Amino acid sequence: MVSKEEKPKLFRDDGLRHDGRRPDELRPIKMQVGVLKNANGSALVEYGKTRVLAAVYGPREPQPKHISLPYRAILRCRYHMAPFSTHERKSPAPSRREIELSKVIREALEPIVISEMFPRASIDIFIEVLNADGGTRTTSITAASLALADAGIPVRDLVTGVAVGKVDGVIVLDIDEVEDMYGEADMPIAAAPSLGKITLLQLNGVLTPSEFEEALDLAMNGIQEIYKIQREVLKTKYLKAKVEE
Amino acid sequence: MSITPSSDYIIPKLKAETIVSLIRKGVRASGRGLEDFRELDIVTNYIPNADGSAFVKLGNTQVIAGVKLELGTPYPDTPNEGAIVVSAEFVPAASPLFEPGPPDENAIELARVIDRSLREIKAIDLGKLVLIPGKRVWVVWIDIYVLDHDGNLIDASSIATLAALLTARVPKAEVEGEEIRVDKSEYTGPLPMNRKVVTVTIGKIDKIMLVDPDIEEETVLDTKLVIAVSDDERIAGLQKSGMGALDKNEVLKMTELAMKKGKEIIEIVEKSIEASTRGASAEQTARKSREDSEDTDMKGENEEETSQ
Amino acid sequence: MGRKKAQSENRELVIPGQLIAEGEFKVATPNYIYRVGNRYYSAVVGLAEVTEDSLTVIPLEGFYYPSPGDVVIGVIRNVGITSWEVDIRAPFPATLYAADFLGRPINPAKEDLSDYLNIGDVVLAKVEVFDRTRDPILTTKGKGLGKVTKGSVIEISPVKVPRVIGKKGSMHQTLESETGCRITVAKNGRILVECPNKQLEEIVVLAVRKIEREAHIPGLTDRIKEFILKEKVRRGLLGGEQGGETEAV
């Protein structure tokens, strides 16, 4: 493990980031929906090397029944990292980080699910991080949102996530793991892009108020770009269907 | 797995409606201003066995933060730094909603938010906590104990943590080659601190922001934003907590308000520590003179006893 | 009354959060459209239909949400003392009371419900009651309702049911007349198929799957007609010759 004191070069001599990106550039993003047969909805999303699978079951009867609510569906959300997803093998037991992320991801999706439509039911969202290279929670939210739409669960909007950061004093978009580890700030953010509502916002690191505003703007722009890809992937599933001979 | 909470503090609908309609008029049920913190009491050096501690009462919310320094091995990627570990316990005594057992997602979130607020900004000067480079360092264990839940546990805990850290002391440790002897009865000096940080929690109902929500306000809020503010006027952490959503302008307004309130709270903590230090040295003087006079009394008693 | 403005072209593929129209409209499918002020948004991935005064979104993915009056095909999941628990592919299990099924009160001490309907049995029933506060209750009082003993059950996505029925039942009619099978399409995405022979049943299954895949592409009814014809030719079933087990060519 590289010591924090032996920091790698985060910016190249040509001014580009260590992986050749401009500060406002996203990693290559790939998305697919309907990848699992059993789940009611599913999506596989990649931001660069970070790869996340999201599956949605529901609305269905919750087990045990008593956790249900009489006036709306409950959401159950589990964020989990596969043992082989990180540099060093991660124990399958839920870590404190996974517990916190399960909570903030659920809270990022709650405002958009029209849960009053299904009293006493449960909508279950299972997120599996298959490969982690920074921004796993925001990639997860993007994937979970697609999986909800794929399951036909009525939602007010999609939710799109991206992590911005401050690296060597520069505010950058879509940080990867190296930039997260050695940078000065890591700010994951998710928003419902049509509604303009932020549903996840965290900051690990330090920013001045003006850096924060710059980072917020950069993130909201990045979110709009990623949203376009989400839209495409939902529409493509149907537009591509051809009449068979 | 995180589940939509179903056993939140339940207040009668009519009461909830009153609270909301008052807030919409800019008034809080308790008479507090929208930007006011509740009454804040801080007692430092509260736990004799801890290396640093503080008891905080924020309105009716009561928490204790205890700091203990123990020997440990440094993290592999920071061999020349001490370490911090933050955990929180929501004891069942504190609320009918708390069940015995391992920390739930709320306790874990609280601990991690406070941990992050101290880490990146390097509030504690971890470089000064090394005993044998690469091998033995001081680990600063910060344990937050929530004793009574009346809302805004995060800010109360953050204030207690700051007060405990600012009054914590490093135990004496003698390094002899590869061996270290720790003498907990003696302290070498205060815990080295670089920065002071507190969290300020701001709740939102419709478009109205309120600072330091109490437990009833927490049940009617749309959502909360926790902002960690440092004494050098930077944002040292953020956590949107709860089920609602915020637009960009609301976020900017809330952080601006938090920067202002955070500064005020840090000043209150500093003043409180100053006052108790003065009080402590005044006490020492008083104790010394009592001891002197006690010797006389005890002598007097002995004489009395003998005479019986 | 505000100015009406359609944002979506007819039969346009819409996604959640997409603005469909602005103004005063009647919402034909309230489960799939939500309204903020006088703006209407889609809540699902589907096809939007906008007319002079009404909005419809036909979802392309989804699940069955019961409505009183729906005819459903249920599978017995559990046998109770005075009722059965029935799986109707909804978020909640449905209940069928023995008194309703048998048309008379029963004596739980003397009678065992599994004698009448057991786990795995199939029933054709109607949703009698369903509201926010309790699980659906079924009734089998009605023509053709009750235990199903013959035929095969196909499961399809419930959102495709309207397509299998077709406009004014045109697709359903085509399927029945071209195959000679009796086909009951239930709202909850289950189809009961009774055919003169296994081959025809297979053709129905394939045709239904094709409808599912191409539901959103126009001209489907004609294509299905052609498809069934082709399949019958392939299996040598045309002209009513040897309606039995003929070797597929």
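Residues numbered from 1 in each chain as written. Chains lettered and ligands numbered in written order. Predicted model: local features only at pLDDT ≥ 70, side-chain atom pairs only at ≥ 80, totals over all residues. Heavy atoms only, no water.

### Quick look at the overall build of chain B
Along chain B, the regular secondary structure elements total 5 helices and 13 strands. With 308 residues in all, chain B has 49% of them scored as buried. Looking at chain B alone, contacts between residues at least 24 apart form 69% of all its contacts between residues at least 6 apart. Working note: accessible area of chain B is about 14800 Å², and carbon and sulfur atoms make up 51% of it. (Helix = DSSP H or I, 4+ residues; strand = E, 2+ residues; numbered from the N terminus. Buried < 20%, exposed > 50% of the residue type's maximum accessible area, 1.4 Å probe, protein only. Contact = heavy atoms within 4.5 Å. Areas by Shrake-Rupley, 256 points an atom, 1.4 Å probe, with all protein chains shown as cover.)

### Describing the side chain of B:Ser158
Structurally, B:Ser158 can be placed in helix H3 (residues 153–166). You can call B:Ser158 buried: its relative accessible area is 4%.

### Some details on the pattern of salt bridges
Between side chains of opposite charge, pairing is possible as soon as their charged atoms come close. All names here are of chain A. For the coordinates displayed, the defined rule picks out 76 salt bridges over all chains. For Lys30, the salt bridge identified is with Glu46, shortest N-O distance 3.8 Å. Taken as a pair, Lys30 in strand E1 (residues 29–33) and Glu46 in strand E2 (residues 41–47) lie far apart in primary sequence, 16 residues in all. You can call Lys30 exposed: its relative accessible area is 52%. (Salt bridge = Lys/Arg side-chain N within 4 Å of Asp/Glu carboxyl O.)

### Some points on the interface of chain A and chain B
Taken residue by residue, the interface counts 47 residues in chain A and 43 residues in chain B. Summed over both sides, the interface of chain A with chain B buries roughly 4000 Å², with 59% coming from carbon and sulfur. Counting across the interface, chain A meets chain B through 5 salt bridges. Where B:Lys248 meets A:Asp217, a salt bridge forms, and the shortest distance between an N and an O atom there is 2.4 Å. Linking chain A with chain B are 21 residue pairs in polar contact (both at pLDDT 80 or more). If you list the elements that add at least two residues to the side of chain A that touches chain B, you get strand E4 (74–81), helix H1 (96–109), strand E9 (197–207) and helix H4 (209–239) of chain A. (Buried area = accessible area lost by both parts, 1.4 Å probe. Polar contact = N/O pair within 3.5 Å; in protein donor to acceptor, adjacent residues only side chain to side chain.)

### Here's the deal with unusual backbone geometry
In this chain, A:Gly58 is followed by A:Pro59 through a cis amide linkage whose omega measures 0 degrees. Of note, A:Pro59 is situated in strand E3 (residues 50–60). For B:Asp206, which is not glycine, the phi dihedral falls at a positive 50 degrees. Positive phi, normally seen in glycine, also occurs at B:Glu233, with a value near 60 degrees. Within the element layout of this structure, B:Glu233 appears in the loop between strand E12 (223–230) and strand E13 (235–241).

### So, the side chain of C:Thr139
Residues and elements named next belong to chain C. For Thr139, the location among the structural elements is in strand E13 (residues 134–139). Accessibility expressed as a relative area gives 6% for Thr139, which makes it buried. Of the polar contacts made by the side chain of Thr139, one reaches the backbone nitrogen of Lys141; its length is 3.1 Å. For Thr139, the residues in contact, after removing those within four places along its chain, are Leu96, Asp100, Ala125, Lys126, Glu128 and Leu145.

### Quick word on empty space enclosed by the protein
Applying the stated criterion across every chain yields a total of 3 cavities of 30 Å³ or more. The volume enclosed by the largest cavity comes to roughly 50 Å³. Residue lining of the largest cavity: A:Met117, A:Phe118, A:Gly152, A:Pro154, C:Asn31, C:Tyr32, C:Glu61, C:Gly62, C:Phe63 and C:Tyr65, and that is the complete set. When the residues that make up the lining of the largest cavity are grouped by side-chain class, the tally is 6 nonpolar, 3 polar and 1 charged. (1 Å grid on protein atoms, 1.4 Å probe; cavity = no way out; pocket = protein on both sides within 12 Å on 5 of 7 lines; lining within 4 Å. Points joined across faces, edges and corners; volume = space filled by probe spheres on them. Nonpolar A, V, L, I, M, F, W, Y, C, P; charged D, E, K, R; others polar.)

### Some words on the state of the cysteines
Residue and element names in this part refer to chain C. In the structure shown here, the tally under the stated rule is 1 disulfide over all chains. Residue pairing for Cys181: its cysteine sulfur links by disulfide to Cys195, the two sulfurs lying 2.1 Å apart. Measuring handedness by torsion sign, the sulfur bridge of Cys181 and Cys195 sits at about 110 degrees and is right-handed. Residue Cys181 is found in the loop between helix H3 (170–179) and strand E16 (182–185), and its partner Cys195 is found in the loop between strand E17 (190–194) and helix H4 (198–214); the two are separated by 14 residues along the sequence. Like Cys181, the residue Cys195 is buried in the burial classification. (Disulfide = S-S within 2.5 Å.)

### Section: the environment of A:Leu69
Along the chain, A:Leu69 turns up in the loop between E3 and E4. Note on A:Leu69: relative accessible area 6%, which makes it buried. Not counting residues within four places of it along the chain, the set of residues in contact with A:Leu69 comprises A:Ile74, A:Pro119, A:Arg120, B:Thr4, B:Pro5 and B:Ser6.

### Things to note about the interface of chain A and chain C
Of the residues lining the interface, 36 residues belong to chain A; the matching set on chain C comes to 33 residues. Counting the surface lost from both chain A and chain C, the interface buries some 2800 Å², and carbon and sulfur atoms represent 60% of this. At the boundary of chain A and chain C, one finds 3 salt bridges. Taking the shortest distance from any N to any O, the salt bridge between C:Glu61 and A:Lys237 comes out at 2.8 Å. At the junction of chain A and chain C, the tally comes to 7 residue pairs in polar contact (both at pLDDT 80 or more). Elements supplying a minimum of two residues to the side of chain A that touches chain C: E3, helix H2 (136–150) and H4 of chain A. At 7 residues, H4(A) tops the list of elements feeding residues into the side of chain A that touches chain C. The class makeup of the residues in the side of chain A that touches chain C is 20 nonpolar, 3 polar and 13 charged.

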